[in-house]
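The residues making up each chain are set out below.
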Amino acid sequence: MNQKQRERMESGRGFIAALDQSGGSTPKALLQYGVKETEYSNEEEMYTLVHEMRTRIIKSSAFSSDYILGAILFENTMDRKIDGKFTGEYLWEEKGIVPFLKIDKGLAEEKNGVQLMKPMPELDRLLDRANEKGIFGTKMRSVIKEANKEAIKEVVAQQFEVAKQILAKGLMPIIEPEVDIYSEDKQKSEEILRDELRKHLSTLDENVKVMLKLSLPSEDNYYKELANHPHVLRVVALSGGYEREEANEKLARNHGVIASFSRALAESLVADQTDQDFNKLLTSSVETIYKASLT
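Presented here is a report on the structure given in the accompanying data block.

Rules and cut-offs
- Residues numbered from 1 in each chain as written.
- Predicted model: local features only at pLDDT ≥ 70, side-chain atom pairs only at ≥ 80, totals over all residues.
- Heavy atoms only, no water.
- Phe/Tyr/Trp six-rings, centres within 6.5 Å; stacked < 30°, edge-to-face > 60°.
- Helix = DSSP H or I, 4+ residues; strand = E, 2+ residues; numbered from the N terminus.
- Buried < 20%, exposed > 50% of the residue type's maximum accessible area, 1.4 Å probe, protein only.
- Expected span 1.5 Å × (residues − 1).
- Arc of directions from axis to C-beta.
- Contact = heavy atoms within 4.5 Å.
- Salt bridge = Lys/Arg side-chain N within 4 Å of Asp/Glu carboxyl O.
- Axes fitted to C-alpha atoms, helices over the stretch in contact; angles between N-to-C directions.
- Parallel < 35°, antiparallel > 145°, perpendicular 65-115°, else oblique.
- Left-handed = near helix turned anticlockwise from the far one by under 90°.
- Nonpolar A, V, L, I, M, F, W, Y, C, P; charged D, E, K, R; others polar.

Taken as a whole, this structure holds 4 aromatic pairs when the rule is applied. Consider the rings of Tyr47 and Phe74, whose centres lie 5.4 Å apart with planes at 40°: the pair is tilted. Remark: Phe74 occurs in the loop between strand E2 (68-73) and helix H4 (75-78) and Tyr47 occurs in helix H3 (residues 43-59); sequence separation between them is 27 residues. The pair formed by Tyr47 and Phe74 is uniform in burial state, with each residue classed as buried. On the numbers, 5.6 Å between centres and 90° between planes, the contact of Phe100 with Phe136 is edge-to-face.

The following block contains the structure:
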């Protein structure tokens, strides 16, 4: 594990940019960016367009290590290059931003109010490739929609099982058991989730740390204990569907938690903007998310 990157993630000021839309979420991300599905005819063309979008964001002067600690990439983005360097290498060597990789293969069908991660039979090979391409850590997402105690236990157990596989490869796992912000019993789900996270963190070997990516909680500072936990490098928050202004307001009320926003980061950015307008809007977005992450 790159110790300079680890130190930056543990004590640096800023937030994590989530640039990891994949599969079914890529057309939606492109549409938000002003690129219609009629503008590409196959998956390769789609991923080329989304890489152009991400390259524009990453190369912008607004996308600076003064504000941004890390960036989460999709596998296809990791394998592509920016100015002759693989994206993860470009982020660290040219921008001083720590690269992460989304490793999950999507969500299984909902069962008992949760969606587990789909199987990842090729994970070891993917983690080896991530190491080869300068990636520091990984991220994997599950979803909790109902306060079903046994199902939430299963979500957290799966997340930690995969996290230990990632740690064994010398990478830093971001554990992401997202609680649906529209869940009718969201707060009860968060209570069960926090208890399960505590239990599994206590099983980690001494000096082992993981990162947690959690939905903005119903009760302010609900995850402060986890942010201060000896086995937690950092707690980051996902916007989960909130508009940027609301997400920032909620984040600012949760001390010790930093942002890892995706849609909220790219809000208002469109393909046909001039570079001047694009950079101006991205600067505003980056600075407001950064400010909310400082509390």
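Our focus in this paragraph is helix H12 (residues 275-292). Taking 1.5 Å of rise per residue, 18 residues should cover 26 Å, and H12 covers 26 Å from first to last C-alpha, within 8% of that figure. Where H12 is concerned, the buried positions are Phe278, Leu282, Ser285, Val286, Ile289, Tyr290 and Ala292. One side of H12 carries all its buried residues, which in axial view fall inside an arc of 160°. Turned more than 90 degrees away from the buried face of H12, the exposed residues are Gln276, Lys280 and Lys291. Here the buried face of H12 lies against strand E1 (15-19), H3, E2, helix H10 (244-252), strand E11 (257-261) and helix H11 (263-266).

Let's shift gears to the environment of Val50. Take Val50: it is sitting in helix H3. Sequence separation of Val50 and Pro27 is 23 residues, and the distance between their C-alpha atoms is 8.8 Å. Setting aside its immediate chain neighbours within four residues, Val50 contacts Thr26 and Leu30.

Now for unusual backbone geometry. Even without a glycine there, the phi angle at Asn221 is positive, about 65°. Here Asn221 lies in the loop between strand E9 (210-215) and helix H9 (224-227). We note that Ser268 has phi near 80°; this positive angle belongs to a residue other than glycine. As for its placement among the helices and strands, Ser268 is situated in the loop between H11 and H12.

A full pass over the atoms with the stated rule returns 25 salt bridges. Measuring nitrogen to oxygen at the nearest pair gives 3.2 Å for the salt bridge that ties Lys199 to Glu196. Of this pair, Lys199 and Glu196 are both found in helix H8 (residues 186-201), 3 residues apart, which corresponds to roughly one turn of the helix. With relative accessibility at 4%, the residue Glu196 sits in the buried group. In this structure, Asp220 and Arg253 form a salt bridge, with 3.0 Å as the shortest nitrogen-oxygen distance. You can see Asp220 sitting in the loop between E9 and H9 and its partner Arg253 sitting in the loop between H10 and E11, a full 33 residues away along the chain. On the basis of relative accessible area, Asp220 is assigned to the partly exposed category, the value being 33%.

What follows covers the environment of Phe74. Taking relative accessible area as the criterion, Phe74 reaches 14% and is therefore assigned buried. The sequence separation of Phe74 and His51 amounts to 23 residues, and the corresponding C-alpha distance is 9.8 Å.

Below, the discussion takes up the packing of helix H6 (residues 123-132) against helix H7 (residues 149-168). One way to put it is that H6 packs onto H7 with a least axis distance of 10 Å and a crossing angle of 45°. Between H6 and H7, the crossing angle belongs to the class labelled oblique. Crossing geometry of H6 relative to H7 is assigned as right-handed. Mapping the contact onto sequence places Leu123, Asp124 and Leu127 in H6 and Val162, Gln165 and Ile166 in H7. Considering only residue class, the contact of H6 with H7 consists of 4 nonpolar, 1 polar and 1 charged.

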